[in-house]
Amino acid sequence: MGTRAVILASLLVACLAQACDGNVLFSSLSRTLVVEASPTAGQVLKSGEDKIKVTWSFNGTHSGKDTDYKTVKVKLCYAPVSQKDRGWRKTVDNLKKDKTCPHLIVARPYSSSAPNNSFEWTVTKDIPKATYFIRVYAINASANEVGYGQTTNKNKTTNLFEVDAITGRHTSLDIASVCFSAFSVLSLAGFFIGEKRRAKKSSPPHM
Amino acid sequence: MAASSVNIESQRDSKFPLPVDSEHKATVFRLFSVAKPHMRAFHLSWISFFACFVSTFAAPPLLPIIRDNLGLTATDIGNAGIASVSGAVFARVAMGTACDLFGPRLASACLTLLTAPAVYSFAMAHDAISFLLVRFFTGFSLATFVSTQYWMSSMFSPSVVGTANGVAAGWGNLGGGATQLIMPLVFALIRDIGAVRFTAWRIAFFIPALFQTLSACTIMLFGQDLPDGDFHKLEKAGDKKKDKFSKVFYHGVTNYRAWILALTYGYCFGVELTVDNIIAEYFYDRFDLKLHTAGLIAASFGLANLFSRPAGGIVSDMVAKRYGMRGRIWALWIGQTLGGILCIVLGAVNTLWGSIFVMILFSIFVQAACGLTFGVVPFVSRRSLGVISGMTGGGGNVGAVLTQLIFFKGSRYSKETGIKLMGVMIVACTIPHMFIYFPQWGGMFCGPSSGKNYTTEHDYYRSEWSEEEQSRSHHLASMKFADNSRSERGRRADPVAAVPTSQDGSN
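Residues numbered from 1 in each chain as written. Chains lettered and ligands numbered in written order. Predicted model: local features only at pLDDT ≥ 70, side-chain atom pairs only at ≥ 80, totals over all residues. Heavy atoms only, no water.

Per an unreviewed UniProt entry, chain B goes by the name Major facilitator superfamily (MFS) profile domain-containing protein and belongs to Trapa natans. In UniProt, chain B has this text filed under Subcellular location (unreviewed entry): "Endomembrane system". (UniProt positions renumbered as here; feature names shortened; annotations may be inferred.)

Per an unreviewed UniProt entry, chain A goes by the name High-affinity nitrate transporter and belongs to Trapa natans. Recorded under Sequence similarities (unreviewed entry), the UniProt text for chain A is reproduced unchanged: "Belongs to the NAR2 family."

*Asks:* Quick rundown of the pattern of salt bridges? Include the residues and the values.
*Replies:* Side-chain pairing between opposite charges can occur once the charged atoms of the two side chains come close. A complete count under the given rule lists 14 salt bridges over all chains for this structure. R191 of chain B is paired through a salt bridge with D192 of chain B; the nearest N and O atoms lie 3.4 Å apart. Residues joined in a network through salt bridges with shared partners are E195 of chain A together with R105 and D230 of chain B. (Salt bridge = Lys/Arg side-chain N within 4 Å of Asp/Glu carboxyl O.)

*Asks:* Which residues make up the nonpolar core, and what values do they have?
*Replies:* Residues and elements named next belong to chain B. Core analysis: the biggest nonpolar cluster contains 58 residues, and F438 and Y461 have the highest contact counts within it. In terms of residue count, helix α4 (residues 74–102) provides more of this core than any other element does, eight residues in total. Among residues more than four places away in sequence, those in contact with F438 are R257, M325, I329, V376, F379, V380 and Y460. (Core = buried A, V, L, I, M, F, W, Y, C linked by side-chain atoms within 4.5 Å. Buried < 20%, exposed > 50% of the residue type's maximum accessible area, 1.4 Å probe, protein only. Helix = DSSP H or I, 4+ residues; strand = E, 2+ residues; numbered from the N terminus. Contact = heavy atoms within 4.5 Å.)

*Asks:* So what's going on with helix α2 (residues 38–56) of chain B? Which residues, and what values?
*Replies:* With 19 residues, α2 of chain B extends 27 Å between its outermost C-alpha atoms, agreeing within 8% with the 27 Å of an ideal straight helix rising 1.5 Å per residue. The buried fraction of α2 of chain B is high, at 17 of 19 residues. (Expected span 1.5 Å × (residues − 1).)

*Asks:* Before we move on, could you go through the packing of α4 of chain B against helix α6 (residues 128–139) of chain B and cite the residues and values that matter?
*Replies:* Residues and elements named next belong to chain B. Contact pair α4 / α6: the axes reach a minimum separation of 6 Å and the direction vectors enclose 25 degrees. When the interaxial angle is binned, α4 and α6 end up roughly parallel. Remark: the crossing between α4 and α6 carries right-handed chirality. In this structure, α4 uses D76, N79, A80, G81, A83, S84, S86, G87 and A88 to contact α6, whose residues at the interface are A128, F131, L132, R135, F136 and G139. Looking at the contact of α4 with α6, its residues break down into seven nonpolar, six polar and two charged. (Axes fitted to C-alpha atoms, helices over the stretch in contact; angles between N-to-C directions. Parallel < 35°, antiparallel > 145°, perpendicular 65-115°, else oblique. Left-handed = near helix turned anticlockwise from the far one by under 90°. Nonpolar A, V, L, I, M, F, W, Y, C, P; charged D, E, K, R; others polar.)

*Asks:* Account for a nonpolar patch on the surface, naming residues and giving values.
*Replies:* Residues and elements named next belong to chain B. A surface patch of nonpolar side chains, amounting to about 510 Å² of accessible area, comprises W330, I334, L338, I341, V345 and F445. Position of F445 among the secondary structure elements: in the loop between β2 (442–443) and α20 (457–462). Using a relative accessible area of 54% as the deciding quantity, one classes F445 as exposed. (Patch = residues over 30% accessible without salt bridge, like charges linked within 9 Å, V, L, I, M, F, W, Y side chains within 5 Å. Areas by Shrake-Rupley, 256 points an atom, 1.4 Å probe, with all protein chains shown as cover.)

*Asks:* Before we move on, can you summarise the sheet that holds strand β6 (residues 118–122) of chain A with the specific residues and values?
*Replies:* All names here are of chain A. What the three strands build is an open sheet, ordered β1-β3-β6; its pairing is antiparallel. The sheet terminates laterally at β1 (33–37) and β6, the two strands that pair on one side only. Within this sheet the neighbouring strands show an average axis-to-axis angle of 20 degrees, counted without direction. With five bridges connecting them, strand β3 (residues 51–58) and β6 associate as antiparallel partners. Bridge pairing links K53 to E120 in β6. (Pairing = 2+ DSSP bridges.)

Written out as C-alpha cells, the structure is:
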C-alpha cells in the first residue's frame, strides 16, 4: 500500500514536472474554445487562391476561466486519413513531439470578443494536398498550451475539408526537361557518328 | 602523329608521361596529374561516376518536400528507395559486357547520357508511380561504376591497380554523401530567389542532371579506352582483336570466383548503399536529433569514402607486394569481417556519441572492404574483365536490395535490431572468401599448385582462349597481362628474373 502511494505520488510529480518543463500532454488539455471555420465538410479548397476564415471564442458553459490565456495559435491539422502510413505526421500526446498540426495559420494575442477573435487566411502554396481540420491552441504566459478548440469531433472524423495543392510543375520546366533530355540523346548520337567517321578516315585497312 | 601500327615498343614508351609496363599501363599513380592518357582517364572516370551517384541519391535529402508535393506514403518512399538500387543490378552486368566489347569510354558515356533524361524527368514527377520510375531509371547510372573499374584496370599496372580502382570508386561514392549537402543548398538557393517550394525542388534536379550530361560529353571528347588508343581504332588497325559477346559472357559466368565476389561485395558495398538510405532516419528517431543534424551525420558516412575506400585499394597493393594474391584475399576477409562486427556493435550502442564513433569506424572498414575487393577482381579474368567487374558490382546492388527488404522494410525489426542482424549477415556472407583459389598463386589456406598440377599465370589466362583462337594469336594481350601479374606471387616466391615480353606468349 505504501509503495503504491509512493509510485502514484512520483507519477503525479513527474506529470507536473513535465508540465512545468514545457512537455504538455494533449490529453491533459480541455476543450475550452469554440472554433468555427468557413470551409464546409468535404469542401475542396485551392491553395494559393481560396480563403479560410477562422473564428474562436471561449466556451461559456465550461467551468474555468480564460484569464491566463495570453495568445492563441491557429493551426491547420491533418485528419487521420492523411496521417496513415506517414510517420512524419504522427499524432503524439506530448505536444512538443506532436506532428499533427505543423502548419501555423496565425498567432495572435488572446481575445474572446470580436473583432479580434477571427482571422482570414489564404491557403498558402506550400500546403500539401490532404484532408484537414482547424485547431486553435490557447497559450499562457510561459508559452505552454492550456486549452484548445477544434472544428472537428474528438475522433477527428467530422467536418473535415480538403486542400487541392499546386503541383509545382510548370510548362516551361517540362519543356526544359524535354529539350535537355533530347540534347543528351542527340549528342550521344552525334558522338557515335563522329567516331565512326574518324575511324574510317584515319585507319586504312591494315593488311 | 605516328600511325597506330607501330612495332617497336621503345618508341611508344617515350610517348607516355608516366612510366609504363609492357602493356603500356602506368606503373605509378600520380593523383594530381592529368597526364594523358592514364591520369586523365582516372579523373574523367571518377568525376562522371561521382555525378551519377549525386543524381541517384539526390532525392533522399529533399524527401521532406517531395513527399508532401507528391502525396507519398512511407511505403511509397521505401519502394522507391529499393527501386533506385535495383535497376543497377542487371545494368552493371550489361555494362561489364559492353566494356569488354566496345570499351569503357563509349559504354560509360552512352549510359550516362541515356540516364540523364531520367534525372531531368524528376521535374515532371507527379505521383508515387512516376517518382518510383524516375528513381528506378536514374539508378541505372550507377552501372558506370563498372566502366570506372574496367578503365582503371586497363590503364594501370597490377602493382597499382588496387590503388587506382580504390580512389576512383571511393571518390565516385563520395557523391552519395556530397548530395546530402549539395541538394538542400541548391534547393534553399532557388527557393530564396523566389520559387515556391513545390517548384524549387524540381528546378534543383537540373543541377545533377546537367552535371551528368557535361561529364559524359567530356569523356567522349577527352577520354581514351586504352593506353594505346580507342577500342575500335585499334581494332580497325589490327592491333586489337574484336571479341565475341558469347565467349566473353561465357568465360565470365563460368568463373566461380566471380560468383563468390558478387556475393561478398553485396555485404560491403550493398550494406553501404543500405546505410546511405536508412542512417539519417536512424539517428533522427533513436536520438531525437533535428533532421538537419541527422542529415549531417548521414553525409559523413558517405564522405568517409574520400579516404577509406582508396585506403582499401592501397592496402591491397601494399600487401600484394609482400604476400601476393594470398595477402590480398586475407586482407579483404579480415577487413570485411571487422566491418560486420562493427555493424553489430553499432546496433547495440545506446549513446549518441558512441554511435557516431562506431558508425565512423564501421564506414571506414566497410568502404575499405570495397576497395580491397577490387584489388582482387582485376585478376580473376583478363578476357572477361568487364563481365567479372559487372557481376561483382551487380552483386553489390543485390546485397543492397536484400538487406533493405529483409531488415528495413515495414516494422518487423526496429532499426537497431535490423542493424545488428545485418552485421551478423555480413560476417556470415564474408566466409566464402575462404573458397577463392588461384592455382597460380593460391588461396587463403592453400598455396599455389605444384608438381603435376603446376599452373603458371600464362596457363591460367590462356585457358580462357580456345586452341583455335590461340592459333590465331587472339590471346596475346592476355599473355602480356599474365607476365605483368607475376608480381601477385609476392616477394617470398621464386625470385625469377623478370620474364622477357615474349610476343607469342608460348611456354
